[in-house]
Amino acid sequence: MLASFTWSEFAEQIVSGLADGSVYASLALALVLIYRSTRAINFAQGEMATFSTFIAWSLMNHGLSFWEAFPVVLAISFVGGVAVERVIIRPVEQAPVLTIVIITLGLALLLNGLMYVIWGGGDRPFKGGFSSSTVEVAGAHISIQYIGIIGVLALLVVVLGLFFRYTKLGLALRAAALNPDSSRLVGVRVSWMLALGWGLAALVGAVAGMMVAPLQFLGPNMMQAVLLYAFAAAVLGGLDSPVGAVVGGLILGLTIDLLGRYVGYIGSTLKLPVALLLILVFLFFRPGGLFGSVATRRV
Amino acid sequence: MSLLELRNVEARYGPVRALHGVSLNVGEGEFVAVLGANGAGKTTTLRAVSGTVRRNGDVRLGGKKLRTPEGAARAGVAHVPEGRGTFAELSVWENLRLGSYTRRGSTKEDVQRVFALFPVLDRRRDQQAGTLSGGEQQMLALGRALMARPRLLLLDEPSLGLAPLIVKEIFDVLAKLNRDEGTAVLVVEQNANLALAAAARAYVLEVGRVVVDGPSDELRANESVRRSYLGY
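What you are looking at is a predicted structure, and each value in this text was computed from that prediction instead of being measured. (Residues numbered from 1 in each chain as written. Chains lettered and ligands numbered in written order. Predicted model: local features only at pLDDT ≥ 70, side-chain atom pairs only at ≥ 80, totals over all residues.)

We now examine the overall build of chain A. Along chain A, the regular secondary structure elements total 11 helices and two strands. Taken from N to C terminus, the helices and strands of chain A fall in the order α-α-α-α-β-β-α-α-α-α-α-α-α. In terms of overall dimensions, chain A is globule-like: its C-alpha atoms have a radius of gyration of 19 Å, near the 19 Å expected for 299 residues. Buried positions account for 47% of the 299 residues belonging to chain A. Within chain A, contacts between residues separated by at least 24 positions form 75% of all contacts whose residues are at least 6 apart in sequence. (Helix = DSSP H or I, 4+ residues; strand = E, 2+ residues; numbered from the N terminus. Rg over C-alpha atoms; globule rule 2.2 N^0.38 Å. Buried ≥ 20, exposed ≤ 12 C-beta atoms within 10 Å, placed from the backbone. Contact = placed C-beta atoms within 7 Å.)

Moving on, we come to helix 3 (residues 66-89) of chain A. Residues Ala 69, Val 73, Ser 77, Phe 78, Gly 80, Gly 81, Val 82, Val 84, Glu 85 and Ile 89 of chain A constitute the buried set of helix 3 of chain A. Buried residues along helix 3 of chain A sit against helix 2 (45-61), helix 4 (97-119) and helix 8 (190-212) of chain A.

Here we come to the interface of chain A and chain B. Counting residues at the interface gives 14 residues for chain A, matched by 17 residues for chain B. Elements with a contribution of two residues or more to the side of chain A that touches chain B: helix 6 (168-178) and helix 7 (180-185) of chain A. Of the residues forming the side of chain A that touches chain B, the biggest block, five residues, is contributed by helix 6 of chain A. Grouping the amino acids of the side of chain A that touches chain B by side-chain chemistry returns seven nonpolar, three polar and four charged. (Nonpolar A, V, L, I, M, F, W, Y, C, P; charged D, E, K, R; others polar.)

Another aspect to go through is the domain arrangement of chain B. Residues and elements named next belong to chain B. According to the domain assignment, chain B consists of domain 1 (1-76 + 151-232) and domain 2 (85-149). Distance from the C-alpha centre of domain 1 to the C-alpha centre of domain 2: 23 Å. Between domain 1 and domain 2, the residue contacts involve 10 residues of the former and nine residues of the latter. Elements with a minimum of two residues in the side of domain 1 that touches domain 2: helix 2 (69-75) and helix 7 (164-181). Of all the elements, helix 7 adds the most residues to the side of domain 1 that touches domain 2, at three residues. A breakdown of the residues in the side of domain 1 that touches domain 2 according to their chemical character gives eight nonpolar, one polar and one charged. (Domains from an automatic or database assignment.)

A separate point is the pairing of strand 3 (residues 31-36) of chain B. Residues and elements named next belong to chain B. Most of strand 3 is tucked away, with six of its six residues classed as buried. Where burial is concerned, the two faces of strand 3 agree: the one with Phe 31, Ala 33 and Leu 35 and the one with Val 32, Val 34 and Gly 36 are both buried. Strand direction decides the pairing type here: strand 3 and strand 8 (residues 184-188), joined by four bridges, are parallel. Bridging from a neighbouring strand, Ala 33 pairs with Val 187 of strand 8. (Pairing = 2+ DSSP bridges.)

This part takes up the environment of Glu 189 of chain B. Relative to the helices and strands, Glu 189 of chain B resides in the loop between strand 8 and helix 8 (192-198). If we skip the residues at most four places from it in the chain, Glu 189 of chain B touches Ala 33, Leu 35, Glu 157, Ser 159, Leu 194 and Ala 195 of chain B.

Here the focus is unusual backbone geometry. Residue and element names in this part refer to chain B. Unusually for a residue other than glycine, Arg 84 sits at a positive phi of about 75°. Locating Arg 84 in the fold gives a position in the loop between strand 6 (77-80) and helix 3 (92-99). A positive phi angle is found at Arg 149, which is not glycine, with a value near 45°.

The next thing to look at is the confidence of the model for chain B. Scored by pLDDT, chain B comes out at a mean of 90, with 99% of its residues at no less than 70. Confidence scores differ between elements of chain B, with helix 10 (residues 223-230) of chain B showing the lowest mean pLDDT of 77 and strand 8 of chain B the highest of 95. (pLDDT = per-residue confidence, 0-100.)

By size, the foremost hydrophobic cluster in this structure holds 165 residues, and its most contacted members are Leu 27, Ala 28, Ala 230 and Ala 233 of chain A. When residues in this core are grouped by element, the largest group, 17 residues, is from helix 8 of chain A. Of the residues that make up this core, three or more belong to each of domain 1 (1-76 + 151-232) and domain 2 (85-149) of chain B. Excluding residues within four positions of it along the chain, Ala 233 of chain A makes contact with Tyr 24, Ala 25, Ala 28, Ala 245, Gly 248, Gly 249 and Leu 252 of chain A. (Core = buried A, V, L, I, M, F, W, Y, C linked by C-beta atoms within 7 Å.)

Our focus in this paragraph is the sheet that holds strand 2 (residues 16-26) of chain B. Residues and elements named next belong to chain B. Taken in spatial order, the four strands make up an open sheet running 2-1-4-5, and their pairing is antiparallel. Of all the strands in the sheet, the pair left with one neighbour each is strand 2 and strand 5 (64-65). Note: strand 1 (residues 4-13) against strand 4 (residues 54-61), seven bridges, orientation antiparallel. From the neighbouring strand, Leu 6 faces strand 4, where its bridge partner is Val 59. Together, strand 1, strand 2 and strand 4 form the strand contacts of helix 1 (residues 42-50), whose direction differs from that of strand 1 by roughly 110°. (Axes fitted to C-alpha atoms, helices over the stretch in contact; angles between N-to-C directions.)

Structure representation (structure tokens):
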């Protein structure tokens, strides 16, 4: 049942699993950023990320290099995320969570359609910011691109962590998510904090999109499978825990890569069902995930 | 001119009217108490000031109309609500930092001042606020309010559920702030003896209306106030 095994190939699989995991982790992080403050899952997170990636693609077609386009896309995505919250979420801020979820579903459809209109359907190659060659480490051929993706996620996590922990704005964002009423009493503009959360989520999602596009092809539906993996990662880690999202993403990436490679009948076709199975198992046995808190309700 | 002015303020929770035209004022640096039985509208009066309840009528601080809770905080109102409103999941230190959210510049001195007033908070600075005792939480709530350097401090039942020694400690701090720094205080209290001892003036509420008001000494001498609220 086990496919042929060599240590060098195992190392290569670990790196590729971590790279995939990094992409899931960053999109899961984006989901968590919005979930924490609104208790709603943003089903448009994947399409928002793809949209950002298309913007990067357009900029690169106009002569910018990947790393020149990168910060521009992050800025545009942030502003776009804030704008989306102000225009379509703010009117329903006080509405039940389900309303917000349905609206994000609508937003996903809208963005998907817009991408077909603006850039057309079909997949196209996307040249990323890292060399596609490999380096040899102790007999294993390690992809530079994978290492780059892992590095970018690590940097993103560190920067976000410092921001939330040590800046006044980061503290206000956390406070607004934890206790909106008390936040208002100390002068935090809670509604704007929600918008900032959307902006940050869009930015983080854009990073995921620009990292995953070179591994696949860029098309309007690029992030749909990734979004499912990100859900699984977020549920695994605990939907309200940013640390959980990152750990969940990495565990999920490793698990399904290794299962796909070494357990013959899973292959690449059964990876997605494995992710869904993980969601199911966790919701059943540990609804709060690895790091999350369980919401209890007295009836 | 008074610092805080409420004129004909009505407030409601859904269809239930809690305030029927309350007018009161607090002067610069004045210590004022609001007395009344359960359900008289004391808490609602404070919430009307900070804008955390739907209300009609005029609420002004230094002549400027207060609208939203954020706006009130930015104008210099620090509201320590019922149940204290601390951030249970955040550390003591983070709670204090949030208190100074609306201010610019260094707040080191203010933190030192709060720690000097309540040394126990210094010892617990990295602990989650939710793990503090009731008395410590009340000190944290007050400390957080002071971090804003408020012009007006609103306190909702600061003595509720606390041991007498801690109540005394908290009221001593309030008196000191009011005397030394001229911070105006509007306090709601069930414990009328305590409130009248601390405040210079008081209002008595009954079913959402002010029925009596005046200097604390006068109220203490008032026959019906004495019987209904002071219990002797």
